[in-house]
Amino acid sequence: MPLPIYLLDSGLYFPPVDQASREGILAIGGDLSSERLIIAYKSGIFPWFNAAEPIIWWAPNPRMVLFLDELKVSKSMKKLIDKKVFKITFNQDFRAVIENCKKIERNGQSDTWISNEMIDAYCNLNQIGKAKSIEVWRNEELVGGLYGVDLGNVFCGESMFSKVSNASKIAFVYLVDYLKNNNYKLLDCQVYNDHLASLGCREISRNDFMEILNSK
């Protein structure tokens, strides 16, 4: 028998992640306050929903992650980085990054899950140091980047964008370099896609992910 999906109220509570449905849905409702979002991410949970839907909270099994030493960087990408065509900054224009992630057209998607409500919620997290961005610039124009939630030991990637070829990949490479240099354990990429797999990401069980997330 399928497990019931938990309906959140004003209380800052989530059920255990093993109560999620087969698809990974754990709960619906609640809000996108900074307090709730921080509890969610620390509990292995993230929001993902379209603008016309209620807030949907996910804890998928398996979980797509990158073990930092497993990053795959092609020879052509290494040459491009060495040319220093792009300028890379860290957490300098968070709102511009998330707004570009909203606007960028993606294959197979007619709409975006990054609503104005989501933008404001993650910008609030950024203001208190819990969400961060990588920006990629060319000739002073923002041409790529990514953002995510920073848990101190795990970085939870949310979205990335490119206006020119390879810009988001360069942001990804620089993020992984930053995480390695600062002793993070893992980059959480949430759910499988081919692009992430090409960069070295792979799926692990939700239990394994939770063990890493909860380790010190």
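As a convention, each chain's residues are numbered from 1 in the sequence order in which they are written. Reporting of local features is limited, given that this is a predicted model, to residues whose pLDDT is at least 70; pairs of side-chain atoms are given and counted only at 80 or more, and all residues count toward the totals for whole chains, interfaces and linings. Remark: hydrogens and water are excluded; side-chain values derive from all non-hydrogen atoms of the structure.

Engineer: Lay out the overall build of the protein chain in plain terms, naming residues and giving numbers.
Structural biologist: Each helix and strand in the protein chain was counted, giving 7 helices and 11 strands. Along the first, second and third principal axes, the C-alpha set of the protein chain runs to 55 × 35 × 35 Å. For the protein chain, the proportion of its 216 residues judged to be buried stands at 50%. Carbon together with sulfur atoms contributes 48% to the accessible area of the protein chain, which is approximately 11300 Å² in total. Only four residue types enter the charge count, namely Lys and Arg as positive and Asp and Glu as negative; His and the chain termini do not. In this description, the location of a charge corresponds to atom NZ of lysine, CZ of arginine, CG of aspartate or CD of glutamate. Seen as two clouds, the 25 positive and the 26 negative side-chain charges of the protein chain have centres 8 Å apart. Secondary structure follows DSSP: runs of H or I at least 4 residues long count as helices, runs of E at least 2 residues long count as strands, and numbering of each begins at the N terminus. Only protein chains enter the accessibility calculation, which uses a 1.4 Å probe; a residue whose area is less than 20% of its type maximum is buried, one above 50% is exposed, and one in between is partly exposed. In this description, accessible areas are obtained by the Shrake-Rupley approach with a 1.4 Å probe, and a residue is regarded as covered only by the protein chains that are shown.

Engineer: Can you lay out helix H7 (residues 206-214) for me, pointing to particular residues and giving the numbers?
Structural biologist: Listed as buried for H7 are Arg206, Phe209, Met210, Ile212 and Leu213. Buried positions in H7, seen along its axis, are confined to an arc of 165° and lie on one side of it. Residues of H7 that are exposed and point over 90 degrees away from its buried face: Asn207, Glu211 and Asn214. Contact definition: two residues touch when any of their heavy atoms are within 4.5 Å. If you follow the buried residues of H7, they end up packed against helix H1 (34-42), strand S5 (63-66), strand S9 (154-162), strand S10 (186-190) and strand S11 (202-204). To obtain the arc, one takes the directions from the helix axis to the C-beta atoms.

Engineer: Would you mind going over the packing of aromatic side chains in detail, with residue names and values included?
Structural biologist: Working definition: a ring pair exists when centres of Phe, Tyr or Trp rings (six-membered ring for Trp) sit within 6.5 Å. Plane angles under 30 degrees give stacked, over 60 give edge-to-face, the rest tilted. Evaluation of the coordinates by the stated rule reveals 8 aromatic pairs. Relative to Tyr147, the ring of Tyr122 lies with its centre 6.0 Å away and its plane at 70°, an arrangement referred to as edge-to-face. With Tyr122 in helix H4 (residues 116-127) and Tyr147 in strand S8 (residues 141-150), the pair connects residues that are 25 residues apart, well separated along the chain. Given the relative accessible area of 1%, Tyr147 is considered buried. Between the aromatic rings of Tyr178 and Tyr184, the centroid separation amounts to 6.1 Å while the plane-to-plane angle is 45°, which identifies the pairing as tilted. By relative accessible area, Tyr178 is classed as partly exposed at 23%. Tyr184 gets classed as buried once you look at its relative accessible area, which sits at 11%. Following the ring pairs from residue to residue traces out a cluster consisting of Tyr41, Phe94, Tyr122 and Tyr147.

Engineer: Go over the pattern of salt bridges, please, and point to the residues and values.
Structural biologist: Note on definitions: salt bridges are taken to be side-chain nitrogens of Lys or Arg within 4 Å of carboxyl oxygens of Asp or Glu. For the structure on display, the rule yields 7 salt bridges. We note a salt bridge from Asp188 to Arg63, for which the minimum N-O separation is 2.9 Å. Of this pair, Asp188 sits in strand S10 while Arg63 is found in strand S5, placing the two residues 125 residues apart along the sequence. Assessed through its relative accessible area of 0%, Asp188 is described here as buried. Residue Arg63 is classed as buried on the basis of its relative accessible area of 2%. Where Lys132 meets Asp150, a salt bridge forms, and the shortest distance between an N and an O atom there is 2.9 Å. Of this pair, Lys132 sits in strand S7 (residues 131-138) while Asp150 is found in strand S8, placing the two residues 18 residues apart along the sequence. Here Lys132 matches Asp150 in class, with each residue buried.

Engineer: Which residues make up the side chain of Glu135, and what are the values?
Structural biologist: Among the structural elements, Glu135 can be located in strand S7. We note that Glu135 is buried and unpaired, the nearest opposite charge coming from Lys87 at a distance of 9.0 Å. What qualifies as a polar contact is a pair of N or O atoms within 3.5 Å, subject to a donor-acceptor requirement within protein and to the restriction that residues adjacent in sequence count only when both atoms come from side chains. A polar contact is formed between the side chain of Glu135 and the side chain of Ser133, at a distance of 2.5 Å. For Glu135, the contacting residues outside a window of four places in its chain are Lys87, Ile88, Thr89, Phe90, Asn91, Gln92, Asp93, Phe94, Val97, Leu142 and Gly144.

Engineer: Any chance you could break down the pairing of S9 for me, citing the residues and the numbers?
Structural biologist: In terms of residue burial, S9 counts as a mostly covered element, since 8 of its 9 residues are buried. The rule for pairing is simple: two strands pair if DSSP sees at least two bridges between them. The pairing of S8 with S9 spans 7 bridges and is classified as antiparallel. Note on S9: the bridge partner recorded for Val149 is Cys156. Summarising the sheet, S9 and S10 pair through 3 bridges and their orientation is parallel. Bridge assignment links Cys156 to a residue of S10, and that residue is Asp188. Running through helix H5 (residues 167-181), the crossover from S9 to the neighbouring parallel element S10 is right-handed. Convention used here: a crossover is right-handed provided that the path from the first strand, over the helix, to the second strand proceeds clockwise when the strands point away from the viewer.

Remember, this is a structural readout, not a statement about activity or role.
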